[in-house]
Amino acid sequence: MNPRTGSRVKGFYGRDGGSLFFMTPSAEKTSVRPVEIANRRLRFRSDRTAQFTESVIREMTRLAMECNAVNLAQGFPDFSASEDIKRAAMDAIAADFNQYPITWGAKPFRDAIAAKYRRTYGLDYDPEREITVCCGATEGMIASMLAVTNPGDEIIVFEPYYENYSPDILLAGAHRKLVTLRPPDWTFEPDELRRAFSSKTKAIVLNSPNNPTGKVFAREELQVIADLCQEFDALAITDEIYEHILYDAASHVPIATLEGMRQRSVLVNSMSKTYSVTGWRVGWVLAAPDLTDSIRKVHDFLTVGAATPLQQAGVMALNMPETYYTKLASDYKSRRDLLLGLLDQVGFRCFRPDGAYYIMSDISKFGFPDDFTFVRHLIEHCGVAAVPGSSFFADSNQGATLIRFCFCKKYETLEEAGNRLRRI
Ligand SMILES: Cc1ncc(COP(=O)(O)O)c(C=O)c1O
């Protein structure tokens with residue numbers, strides 16, 4: 001399209017120093033205003049992507065790198081994964097586990113997943129018909145939503161929520177219904193939850209232990225959710241990636257273990273957090289055979305499969321002894337207590353998490369206009385990155401007095417962040 005005349009002409013856009021131009025095959029060159037290009041390029045932006053922005057968490061990581069800030073924004077460990085698990089991955093590559101796996105997961109890995117759920121929760125999943133290995137919980141969640149919803153269906157989400165769920169729901173063409181978790185304990189009103197359910201409800205997303213709040217849903221709360229799922233014929237799509245990161249008296253109950261919920265649950269999990277390998281991108285979805293059929297189809301065409309050698313290493317990981325998980329939780333408890341203490345010393349009002357590895361903190365007393373301004377100040381002035389609280393809410397006016405820190409970091413990283421935060 002010639003940008004001046006609007007007629008269809010073959011050619012290309014280019015840049016000459018600072019100015020943009022349009023060049024036809026006969027070398028006729030026309031200058032173009034950037035706004036014209038921007039407007040014309042909108043033709044190539046799908047409506048579905050126009051409805052959400054880039055991840056704020058990952059944006060904060062980029063900013064942290066630019067400013068050389070301690071990154072307490074994105075939830076990935078800066079310490080090593082287990083030597084045994086790493087060795088298993090290297091051995092698998094050396095032993096030539098390097099080609100496509102079976103699309104729904106290497107058999108030994110699916111067997112290890114089934115055995116772990118039997119051992120830990122007494123849950124029986126058939127590796128042949130009920131387990132799909134995918135590229136992290138991220139793919140597990142979106143593949144599940146794409147597999148079970150039709151445009152117009154509703155999906156309930158507790159707010160504040162992990163930022164991926166919104167784009168997942170949008171990409172699936174479904175509508176998001178929000179139910180508030182109220183601080184300080186991040187409890188929900190059963191009546192509000194009931195009002196969110198309707199004949200259009202296809203599923204509720206349940207993330208426990210929860211990111212960003214650290215809430216671990218109690219059995220009684222799960223029962224309320226389970227009863228509503230059964231009354232309204234809905235599924236529970238559960239993100240359980242922090243299942244082993246629990247503090248004090250908290251315990252994790254998969255909603256699939258509640259009566260009547262085994263067939264109504266789509267349980268999503270991954271190796272990322274439990275084995276400190278967030279870059280491996282290996283996760284899984286457990287669901288009844290009919291649901292698994294659809295999930296596997298979506299998964300196959302989205303990604304084909306998760307990395308073959310890393311699935312082999314996953315067999316070793318999922319067979320770790322109980323002591324591995326106890327130590328994981330007790331190490332994270334020490335890190336949580338350390339960061340809670342450091343944040344308290346510099347004046348943050350923190351919401352103490354019962355699980356996962358994040359601390360939501362109230363920033364009202366610092367007198368900044370909003371969470372983004374405050375986080376930018378933290379990154380640029382103190383050299384510590386966190387996540388603005390509003391990124392966990394649908395309405396960005398909410399959460400403006402909150403920010404989230406993560407503590408999946410070495411003790412010295414947390415100490416360094418504590419020292420830097422004294423500059424606030
Ligand atoms: C609640 C929650 N779900 C999913 C993910 C991503 O999981 P994965 O690395 O397995 O894709 C994260 C990462 O921070 C998370 O906090």
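Residues numbered from 1 in each chain as written. Predicted model: local features only at pLDDT ≥ 70, side-chain atom pairs only at ≥ 80, totals over all residues. Heavy atoms only, no water.

J.: Would you explain the site of the ligand in this entry?
T.: Near the ligand you find 15 residues, and of these Thr138, Asp239, Tyr242, Ser270 and Arg281 are the closest. Here aspartate 239 contributes a side-chain N or O atom positioned 2.5 Å from a nitrogen atom of the ligand. Take serine 272: an N or O atom from its side chain is 2.7 Å from an oxygen atom of the ligand. When isolated, the ligand has an accessible area of 400 Å², and the protein chains bury 93% of it. Comparing atom positions with the cavity grids shows the ligand to sit within the second largest pocket. (Near = heavy atom within 4 Å. Polar contact = N/O pair within 3.5 Å; in protein donor to acceptor, adjacent residues only side chain to side chain. Areas by Shrake-Rupley, 256 points an atom, 1.4 Å probe, with all protein chains shown as cover. 1 Å grid on protein atoms, 1.4 Å probe; cavity = no way out; pocket = protein on both sides within 12 Å on 5 of 7 lines; lining within 4 Å. Sits in = over half its atoms within 2 Å of the grid points.)

J.: Is there a simple way to explain the packing of aromatic side chains in this structure?
T.: Any pair of aromatic rings gets described here by the distance separating the centres and the angle formed by the planes. All chains considered together, the criterion is met by 24 aromatic pairs. Seen from their ring centres, phenylalanine 158 and phenylalanine 217 are 5.2 Å apart, and the 50 degrees between their planes marks the pair as tilted. Note that phenylalanine 158 is positioned in strand 6 (residues 154-159) and phenylalanine 217 in the loop between strand 8 (201-207) and helix 9 (219-231), a separation of 59 residues in sequence. Judged by its relative accessible area of 4%, phenylalanine 158 falls in the buried class. In this structure phenylalanine 217 comes out as buried when scored by relative accessible area, which is 2%. (Phe/Tyr/Trp six-rings, centres within 6.5 Å; stacked < 30°, edge-to-face > 60°. Helix = DSSP H or I, 4+ residues; strand = E, 2+ residues; numbered from the N terminus. Buried < 20%, exposed > 50% of the residue type's maximum accessible area, 1.4 Å probe, protein only.)

J.: Can you walk me through the sheet that holds strand 16 (residues 402-406) in this structure?
T.: By way of backbone hydrogen bonds, the strands of a sheet pair with one another, either parallel or antiparallel. Taken together, the four strands give an open sheet; going across it, the order is 12-13-16-15, and neighbouring strands pair in antiparallel fashion. Both edges of this open sheet fall to strand 12 (349-351) and strand 15 (387-388), since each of them pairs with a single strand only. Note that strand 15 and strand 16 share two bridges and pair antiparallel. Paired with valine 387 across the bridge in strand 16 is arginine 404. (Pairing = 2+ DSSP bridges.)

J.: Before we go on, may I ask you to explain the side chain of arginine 110 in this structure?
T.: Within the secondary structure, arginine 110 is located in helix 5 (residues 107-121). When its relative accessible area of 1% is taken as the criterion, arginine 110 is described as buried. If we ignore the near neighbours within four places in the chain, the residues touching arginine 110 are Ile102, Trp104, Gly105, Pro127, Glu128, Ile131, Val133 and Arg296. (Contact = heavy atoms within 4.5 Å.)

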